[in-house]
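# Report on the structure
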Amino acid sequence: MLVRAQQVHKSFATSDGPLPVLRGVDLSVEAGERVALTGESGSGKSTLLYLIAGLDGVDSGTIEIDGKDIAALDDAGRAELRRTRVGIIFQQFNLIPSLTVKDNLRFHARLAGREDAAWTDQLTQRLGLTDFIKRYPEQLSGGQQQRVAIGRTLAAKPALVLADEPTGNLDEETGDAVIALMLDLVKENDAGLLMVTHSNRLAATMERQVHLSAGKLA
Amino acid sequence: MIALPRLKAALSALLSHWWRHPGQLATLVIGLSLATALWSGVQAINAEARASYAKAEQTLAPDGLDRLRRSDGQPIALATYVTLQKAGWRTSPVIRGTLRVEGGERFDLLGVEPVTAPQSLAPTAGEGEVFDANFVGGQGLLLAHPDTADQLKAAPNLPPVRPVETIAPGIVVADIGVAARLLDKPNTVTELVLLPNQPSARSPLSEIAPQLERQSADAGNDIGRLTDSFHLNLTAFGLLSFAVGLFIVHGTIGLAFEQRRGVFRTLRVLGLSAREMTVVTVLELLTFALVAGTLGIILGYLIASFLLPDVAATLRGLYGATIEGTVTLRPQWWASGIAIATLGTGIAAAGALWRTHRLPILAAAQPRAWAMLSSRTLGWQMGAAILLLITAVGLMVWGRGLVLGFLALALLLVGAALTLPPIFAALLARFQTIASGVKTQWFWADTRQQVPGLSLALMALLLALAANIGVSTMVGSFRTTFVGWLDQRLAAEIYVSANDAEQAPKLRAYLEDNADAVLPIWDVETTLNGVPGQLYSMADHATYRNNWPLLQATDNVWDRVAAGAAVLINEQLSRRQDIGLGDSVDIGGKRTLPIAGVYSDYGNPAQQALISVPLWVELYPQADRTRFGVRIDPEEAAALKEDVQQRFDLPADRIVEQAKIKEISLKVFERTFSVTDALNILTLAVAGFAIFTSLLTLSTMRLPQLAPVWSLGITRRELAWLELARALILAIFTIALAVPVGIALAWVLLAVINVEAFGWRLPLTLFPTDWLRLALFALIAAALAAAIPARRLARIAPANLVKVFTHER
């Protein structure tokens, strides 16, 4: 089992007291499996994704990646997990503005210590970024930037890809093209994928869909 | 430990920001280099001076051997030396004195006895022994530093001079016989150096020479200690410049950290732990510290080389200390330069570093308002400022000593700088309330919003302006007082010295026949209450009664002094020995007289006393009596001078008109403060640069604030003019605040620091026209700094302004 989340609870402090967001979520993702996570705005989709990525800690419950409880990891341990096992694709791309496309693509792989130039070149070609490798993110369109973000994640060959509404900032046509490419590449890489999306149409392209409502999986 | 490839990857991501923002990189490097340069330049000067003092001490008392000296400071008779030798004491005689040559230059003459002199008293010349046959035989030989040797070569009636690199500048070494002849001190020595391995069976000193006392080697005059105050002054200025430079660094690093907030989060998301993130950031900062530190040290070397001749002149004028005129690159100076650059970077980046370490990984990625200050923060800042100012006032009133004086000064400056943002915020809020037009209202509100981002640069400008006003007020006050004092002190129209003691009575007689009055000005070096000092003779004449600059006096002061019943002392003696009217002075163990008055004596490093001519002659019948002041109708002065010069065959430097001395004195005075002026200008330039960089960097973040106003119908050109006006208004506010702070600073310098450092207090004189000139300079600097961002705004493509709306999330 690549990911196993059990009875995950998470709430946020507000001026009116704690606001529960996740109320006992159980979720599992197998290696190579592609799962869509849907739900209304504020249902806790992104929160769950960030908890699995080790970006935040659970209030209670456990999240295991490759059988290891990430709640037991310290900051350095969680950083290593993100570096070596998990890749995250954001709606806002989060590229490094001062690095060229080429350097952004290589970046995560270099951090993970497993840069594979041939694989990066292949990704660059298949993502249609060959003509832009010397450009900076600000010189690209939204769709191009999202392709760089996907390439950056996949270049590091993570076992698990977490995508948070990766096409939320793109028009439908560009979004579809980007998703299709991402799914192909994830499959070829035999990585697990958990993708947060609002779109039922996109969710339908995945092997399994889970719906989050009122802090619980339906 | 962070793995190397990961470190390289992360570091490359962080550093890439700077390659994409070369202007910011230049600002950071220039800011840090300037800060380091000004600091290390001053340190180089101090190090050079201290090395010269050490060399001087090495020449004058190099061995740690004890000395025998007379307790009253008088010379030791040669017979006493012989008695000691016979009684088994192993000593080497030394004679010291001031060698005056034509042209007025003075040198410390050290006469040694080559046969008995310890090895340490023999300077090394590189190619062997310097105490050779030439040194003792014939007319003798003078040994001196090459610079000093050059000065001596032109002087007539001196033995040949041999340059010796290892002797400190300003010191001349000669055989004791030659020195005694040059100093006109036959059959006496100044001290006896106690040689090692004294025989145990020797008569006690108290029996054979009770007038002598044994003094340890370090009991002599320590020029290093004497000049500490001056170097502390320079260090304080260096520190101020360094602090102003750090404002730039702090601003730039703060901005870069804010701009890279998103990058930091991305790096954390991609797998860098908080600790690794901090390590990488520290490495990045260290890289800058090393690069900018090295540049700063090179620049500092140039500054030091440029300033050192003036510093040397100042030290010679104020303390009689001679230092070499060239800067040597010393390893410890390099190390301290890099260390201060690193420390400065650390201080400037501490806040940003802490924020990076604590950066919440999931917080919204958009940059917060840069350095935005809440009203609560402003309140705290004002509270802290008031506390610092109260402490500064407390230190000024109750504190004693130079270090506390400087601490008060630092607290005053920092406290004043901290008041700036709260005062501005309150003022601008008030303007916003009373503004009637919508555009004016927006202008004040928008200006208020800019204050946090600009406050560091404005504080730097405030410090620089206040320092400028303070120091120029101090120098101006000094100049005004000094000129008035010169008029009082140099009342005689001509000052003349006879060629020798034999000629002196003839010269005096001739002058008495041809001038209105002849005033003997005779001096001798002696002890005043046991401390070395100068004793001058003062004729009973209206010249002194009407002009002498007395700070305090008893009734009938002049009658008492003329009768030989009282003494006048200078302010330095009064302050250093804490004596005044009602106290008395022991003059060389010969006479004790009550103090009848204290006079100002600016620029004189020595403690000095004045007594009547008859008493002076009675106490020192053998001393030199060749110098006179001559009173005559000023219009006849030139003719008399020419007549006397020809009649008595006097060299030009032995007869000088009053106007010439004043001119020279003022020239020396101006040179003394040229270092201060130069540092002042440099500090102001750094502050101007701080304003420029702040405005330039802020302008890159202004578009989201300006684009909505533009879309509502204010043209780009109008916005640009408003930006310019804003910079000028903020500069005017800063100048207005800098004036009272500068005056307070001047008061501390004159009433606290000067008294502690130099021993005299000066009246405060204000120079509003100087402030106006400075204000104009500051306004021009602010306008120039604002011009580039404003011009850029006026010409920005509308598409770039529209982008703000499409990119805003």
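The notes below deal with the structure included here. Not measured: the values here are computed from a predicted model.

### Concerning the sheet that holds strand E8 (residues 192-196) of chain A
Residues and elements named next belong to chain A. Strand order in this open sheet of 6 strands is E6-E7-E8-E3-E9-E10, and the pairing throughout is mixed. At either margin of the open sheet sits one strand with a lone partner, and together these are strand E6 (86-89) and strand E10 (216-217). Sheet analysis places E6 next to strand E7 (residues 160-164), joined by 4 bridges and oriented parallel. Opposite Ile-88, over in E7, you have Leu-162 as the bridge partner. Along the sheet face, helix H5 (residues 142-155) touches E6 and E7 and points at about 180° away from the line of E6.

### Description of the packing of H5 of chain A against helix H6 (residues 172-188) of chain A
Helix-helix packing is described using two parameters, namely the angle between the two axes and the distance between the axes. All names here are of chain A. At a minimum axis separation of 10 Å, H5 and H6 run at an interaxial angle of 10°. Classified by the angle their axes make, H5 and H6 are roughly parallel. In this structure, H5 uses Gly-143, Gln-146, Arg-147, Ile-150 and Leu-154 to contact H6, whose residues at the interface are Thr-174, Val-178, Met-182 and Leu-185. In terms of residue class, the contact of H5 with H6 is built from 5 nonpolar, 3 polar and 1 charged.

### As for helix H26 (residues 768-794) of chain B
Under the 1.5 Å per step criterion, the end-to-end length of H26 of chain B is 37 Å for 27 residues, consistent within 8% with the ideal 39 Å. Along H26 of chain B, the sharpest change in direction is near 35° and occurs at Ala-787 of chain B; proline Pro-789 of chain B comes one to four residues later.

### Topic: the nonpolar core
Core analysis: the largest hydrophobic core is formed by 126 residues, its most contacted members being Ala-460, Leu-461, Leu-462, Leu-463, Ala-466 and Ala-690 of chain B. In terms of residue count, the dominant contributor to this core is helix H15 (residues 438-489) of chain B (22 residues). Those residues in contact with Ala-460 of chain B that lie beyond four places of it in its chain are Val-244, Phe-247, Ala-687 and Ala-690 of chain B. By size, the runner-up hydrophobic cluster in this structure holds 77 residues, among which are Ile-70, Val-101 and Leu-105 of chain A together with Leu-272 of chain B.

### Thoughts on the sheet that holds strand E5 (residues 68-69) of chain A
Residues and elements named next belong to chain A. Strand order in this open sheet of 4 strands is E2-E1-E4-E5, and the pairing throughout is antiparallel. Each end of this open sheet is capped by a strand with a single partner; those strands are strand E2 (17-29) and E5. Examined bridge by bridge, strand E4 (residues 60-65) and E5 share 2 bridges and lie antiparallel to one another. Note that in E5 the partner of Ile-65 across the bridge is Lys-68. Of the strands in this sheet, strand E1 (3-14), E2 and E4 are in contact with helix H1 (residues 45-52), which crosses E1 at around 120°.

### So, the pairing of E2 of chain A
Residue and element names in this part refer to chain A. By the bridge criterion, 10 bridges tie E1 to E2 in an arrangement that is antiparallel. Note that in E2 the partner of Val-8 across the bridge is Val-25. In sequence, E1 turns back onto E2 through a hairpin of 2 residues.

Quick notes on the rules
- Residues numbered from 1 in each chain as written.
- Chains lettered and ligands numbered in written order.
- Predicted model: local features only at pLDDT ≥ 70, side-chain atom pairs only at ≥ 80, totals over all residues.
- Pairing = 2+ DSSP bridges.
- Helix = DSSP H or I, 4+ residues; strand = E, 2+ residues; numbered from the N terminus.
- Contact = placed C-beta atoms within 7 Å.
- Axes fitted to C-alpha atoms, helices over the stretch in contact; angles between N-to-C directions.
- Parallel < 35°, antiparallel > 145°, perpendicular 65-115°, else oblique.
- Nonpolar A, V, L, I, M, F, W, Y, C, P; charged D, E, K, R; others polar.
- Expected span 1.5 Å × (residues − 1).
- Bend = angle between axes of the 7 residues up to and from the residue.
- Core = buried A, V, L, I, M, F, W, Y, C linked by C-beta atoms within 7 Å.
- Buried ≥ 20, exposed ≤ 12 C-beta atoms within 10 Å, placed from the backbone.

No statement about biological role is implied by the geometric values presented.
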